[in-house]
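Descriptive analysis of the structure
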2 protein chains.
Amino acid sequence: MAHEDSQTNAISDEQIVLAHGGGGELTRKLIAERFLPKLTNALLDPLADSAILDMPPGRIAFTTDAHVIQPLEFPGGDIGRLSICGTVNDLVVMGAIPRAISLALVIEEGLPLAVLDRIIDSIAAAARESGVAVATGDTKVIERQRGDGLLITTAGVGELRENARIDARRATAGDAIIVTGRIAEHGLTVMAAREGLKFQTELRSDVAPLNDLVDRLYDTGADLKFMRDPTRGGLAGVLVDLAAEARLSVEIREESIPVSGVARHTAELLGLDVLSVPNEGKAVIVTAASDADRVVQACRRHPLGRHAAIIGQVGDAQPPLVELVTVAGGRRLVQRPYGEELPRIC
Amino acid sequence: MAHEDSQTNAISDEQIVLAHGGGGELTRKLIAERFLPKLTNALLDPLADSAILDMPPGRIAFTTDAHVIQPLEFPGGDIGRLSICGTVNDLVVMGAIPRAISLALVIEEGLPLAVLDRIIDSIAAAARESGVAVATGDTKVIERQRGDGLLITTAGVGELRENARIDARRATAGDAIIVTGRIAEHGLTVMAAREGLKFQTELRSDVAPLNDLVDRLYDTGADLKFMRDPTRGGLAGVLVDLAAEARLSVEIREESIPVSGVARHTAELLGLDVLSVPNEGKAVIVTAASDADRVVQACRRHPLGRHAAIIGQVGDAQPPLVELVTVAGGRRLVQRPYGEELPRIC
């Protein structure tokens, strides 16, 4: 009997069991011993039903993301870093300064605690990097399914800058379209990892918090009219949204779009269009043409914006379509991906 | 060929497919045609990366809950109503007025669209009932697993009342402990539905938004020192937390705890302790003994508080344990459930 007991304990020490999510003593221990020491901050520590935040008067931004990525860990990041950065970036591209993040974990029974520990470490590191607190959370456990392991949903609250005026309808013909760096690296890295491609070590997800970079852009005094992070749907999805919301056409030049050689090669191998592949550390920005150069220069001075470029401009052709001028000089319509090619990429 | 096409369309019209979560055209259609018309409000409609909220100066409350309940629909509610009420109540028991909810859906491939439609209807109804807007959201689809169907994570932002001072450490010996109604109905309903018990039609989940009831309690002018909704872990879990945080003992009287006959009978059949079974429309409140009667009277005038009662008091015995005085006059220690008995109950 003593032997059996110690075996049972050994298993529950190494893996998540259903009781970790029951809201009882084992849930309390999981949170107190494995989460709180890493995530500790004044908002989270009381573990009340809600966190209480002091906010200055003004507008706040509020957003949420569910993360279902497979595999949980990939070159350049993991589901934890992705969850924090994804929500930080959704606040940042609206012109907000992220203040607090909520963290809801749905863990599959059987997830090794060592994996969970690494992901919580990564969440803590990404929160520090982006200067936000994990203010509140929830943990649930579901029965063993197909080994997916972990789903994370984050929400975020940010303080909107007084001068934030992000609205696609402010775009006008002649405005410049800027991307802050090389595209398609997140999606290609995850797809390559999933396919077991050999060269995956060269390719890394770009997952990163954009708040510091965007702070620098606001510092330039440029009028940022529209900003969005090209995640699901990629650059193509953002530009189609921009054209539809602005009711204006968009023209981009293939030769100006920053893509690394390894990303281009990987996309060809996987049969993917780099324009439709998700990014997790990039922004697409619209500014007046007269502001564009200083925005690009400010990006290039930042580690996350070294490859920033003007990739095209807003036009007044109707209907409001997105066109790509190819390297060969041809023109091709850019459409929103239909939706099937990249499941569980973020 | 025409016949095959119409069959394909028929299938995708009836069930969720992976492409609904790809972030492309099919995701856009799902949101535009099935979610937005029901959830429409000024915060959500722009479908930007973040919703923008005007908040008065002051403190805000921020909370999150992941909902993994099985079955998705049960007598008295469904996962949609549960998600809205759960988050509303987590704000309310901190003394906040709920202002906005985020809604993140992780849908399993194969979920019938008819089920999803009913749950979105229920979300819309619960949001109206509690006067909050679904301000922002996200939708992901995962591969067919075990038929679990749908996970919903909500987060909420509320405006903290100026006079909200919810803190277990403000409890003192002699304070009254109040529960706003009959306990254990949510958890027993879900367990009975899962076990296929015949008498389940008599038992209904108590899932409901508590903001209107708590407004009435603040209207009395009573000093609400501590408030918590006894969800996972039930009344026992809240009282153990209260004793630990207040560093004071708690004594409750079994004869004073409101429990319906059918709930008591169901708990006996299922081998469950009503004190540990989750509730989704109740609050446990601590006030000075001198305030207790008017709080109970205010509860009883409200449809959600008709069975409110004073169930015990805070004491100064050490160590800070929770004791139940049984109907027979005996005493028994109330402990936090360990965690295994009630998986996927909320």
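Everything quoted here is computed from the prediction, not taken from an experiment.

Focus on the relation of the copies chain B and chain A
Taken as rigid bodies, chain B and chain A are interconverted by a rotation of 180° and an axial shift of 0.0 Å, the fit giving an RMSD of 0.0 Å. Read as a symmetry element, the transformation amounts to a two-fold axis. Among all residues of chain B, the one whose C-alpha sits closest to the rotation axis is Pro 57 of chain B, at a distance of 2.0 Å.

Things to note about the interface of chain B and chain A
Chain B puts 70 residues into the contact, and the matching count from chain A is 70 residues. When chain B packs against chain A, the two sides together hide about 5900 Å² of surface, and 58% of this comes from carbon and sulfur. Three residues stand out in chain B for area buried against chain A, namely Asp 49, Phe 62 and Arg 232 of chain B, and they jointly supply 14% of the buried area on that side. Joining chain B to chain A, the criterion identifies eight salt bridges. Arg 228 of chain B serves as the salt-bridge partner of Asp 49 of chain A, at 3.3 Å between the closest nitrogen and oxygen. For the pair chain B and chain A, the number of links is 26 residue pairs in polar contact (both at pLDDT 80 or more). Listing elements by their share of the side of chain B that touches chain A, those giving two or more residues are helix H2 (25–39), strand S1 (51–55), strand S2 (58–67), helix H3 (79–92), strand S5 (96–108), strand S6 (133–142), strand S7 (150–160) and strand S9 (226–228) of chain B. Examining the composition of the side of chain B that touches chain A, we find that nine residues originate from one element, S2 of chain B, more than from any other. Split by residue class, the side of chain B that touches chain A holds 34 nonpolar, 17 polar and 19 charged.

Remarks on the sheet that holds strand S6 (residues 133–142) of chain A
Taking strand neighbours across the sheet as the criterion, the five strands line up as S6(A)-S5(A)-S7(A)-S2(A)-S1(B) in an open arrangement whose pairing is mixed. Strands with a single pairing partner mark the edges of an open sheet, and in this sheet they are S6 of chain A together with S1 of chain B. The mean angle between the axes of side-by-side strands here comes to 20°, regardless of whether they run parallel or antiparallel. The pairing of strand S5 (residues 96–108) of chain A with strand S7 (residues 150–160) of chain A spans 11 bridges and is antiparallel. Opposite Leu 103 of chain A, over in S7 of chain A, you have Thr 154 of chain A as the bridge partner. Seen against the sheet, helix H2 (residues 25–39) of chain A touches S5 and S6 of chain A and runs at an angle of roughly 150° to S6 of chain A.

Observations regarding the confidence of the model for chain A
All names here are of chain A. Residues with a pLDDT of 70 or more make up 93% of chain A, whose mean pLDDT is 92. Confidence drops under a pLDDT of 50 for residues 1–12, and excluding neighbours within four residues, the segment shows three contacts in the predicted structure. In the predicted assembly, ipTM is 0.93 and pTM is 0.94.

Concerning the pairing of strand S12 (residues 309–315) of chain A
All names here are of chain A. Note: strand S8 (residues 176–179) against S12, four bridges, orientation antiparallel. For Ile 178, the partnering residue across the bridge sits in S12 and is Ile 310. Two strands pair when backbone bridges link them, and strand S10 (residues 249–253) and S12 are joined in this way by four bridges, in the antiparallel orientation. Bridged to Ile 252 within S12 is Gly 312.

Some words on the pattern of salt bridges
Residues and elements named next belong to chain A. Per the stated rule, a full pass over the model turns up 52 salt bridges over all chains. The closest approach of N and O atoms between Lys 38 and Asp 121, which form a salt bridge, is 3.1 Å. Remark: Asp 121 occurs in helix H4 (residues 113–130) and Lys 38 occurs in helix H2; sequence separation between them is 83 residues. On the accessibility criterion, Lys 38 (28% relative accessible area) is partly exposed.

Here we look at the packing of helix H3 (residues 79–92) of chain A against H4 of chain A
When two helices pack together, their arrangement is given by the angle between the helix axes and by the axis-to-axis distance. Residue and element names in this part refer to chain A. Packing of H3 against H4 leaves a shortest axis separation of 7 Å and a crossing angle of 30°. One element, H3, and the other, H4, form an angle in the roughly parallel class. H3 and H4 meet at a crossing whose hand is right-handed. Contact residues: H3 offers Ile 79, Gly 80, Arg 81, Ile 84 and Val 88, while H4 offers Ile 119, Ser 122, Ile 123, Ala 126, Ala 127, Glu 129 and Ser 130. Of the residues belonging to the contact of H3 with H4, the class tally is seven nonpolar, three polar and two charged.

Side note on the environment of Arg 204 of chain A
Residue and element names in this part refer to chain A. Along the chain, the position of Arg 204 falls in the loop between helix H5 (185–195) and helix H6 (211–219). Separated by 126 residues in sequence, Arg 204 and Gly 330 have C-alpha atoms that sit 31 Å apart. Aside from chain neighbours lying at most four places away, what touches Arg 204 is Pro 75, Gly 76, Glu 185 and Thr 189.

Some words on helix H9 (residues 289–300) of chain A
Residue and element names in this part refer to chain A. The end-to-end C-alpha separation of H9 is 17 Å, in line with the 16 Å expected for 12 residues at 1.5 Å each. Every buried residue of H9 is accounted for by Asp 291, Ala 292, Val 295, Val 296, Ala 298 and Cys 299. Mapping the buried residues of H9 onto a view down its axis gives an arc of 160°, with all of them on the same face. For H9, the exposed residues lying more than 90 degrees away from the buried face are Ser 290 and Asp 293.

Some remarks on the sheet that holds strand S11 (residues 284–287) of chain B
Residues and elements named next belong to chain B. If you trace the seven strands from one edge of the open sheet to the other, you get S9-S11-S8-S12-S10-S13-S14, paired in mixed fashion. The sheet terminates laterally at S9 and strand S14 (331–334), the two strands that pair on one side only. On average, each strand axis in the sheet is inclined to that of its neighbour by 25°, with strand direction left out of account. Note: S9 against S11, three bridges, orientation antiparallel. Paired with Phe 226 across the strands is Val 286, a residue of S11.

Parameters and conventions
Residues numbered from 1 in each chain as written. Chains lettered and ligands numbered in written order. Predicted model: local features only at pLDDT ≥ 70, side-chain atom pairs only at ≥ 80, totals over all residues. Heavy atoms only, no water. Least-squares fit on C-alpha atoms with pLDDT ≥ 70 in both. Contact = heavy atoms within 4.5 Å. Buried area = accessible area lost by both parts, 1.4 Å probe. Salt bridge = Lys/Arg side-chain N within 4 Å of Asp/Glu carboxyl O. Polar contact = N/O pair within 3.5 Å; in protein donor to acceptor, adjacent residues only side chain to side chain. Helix = DSSP H or I, 4+ residues; strand = E, 2+ residues; numbered from the N terminus. Nonpolar A, V, L, I, M, F, W, Y, C, P; charged D, E, K, R; others polar. Pairing = 2+ DSSP bridges. Axes fitted to C-alpha atoms, helices over the stretch in contact; angles between N-to-C directions. pLDDT = per-residue confidence, 0-100. Buried < 20%, exposed > 50% of the residue type's maximum accessible area, 1.4 Å probe, protein only. Parallel < 35°, antiparallel > 145°, perpendicular 65-115°, else oblique. Left-handed = near helix turned anticlockwise from the far one by under 90°. Expected span 1.5 Å × (residues − 1). Arc of directions from axis to C-beta.

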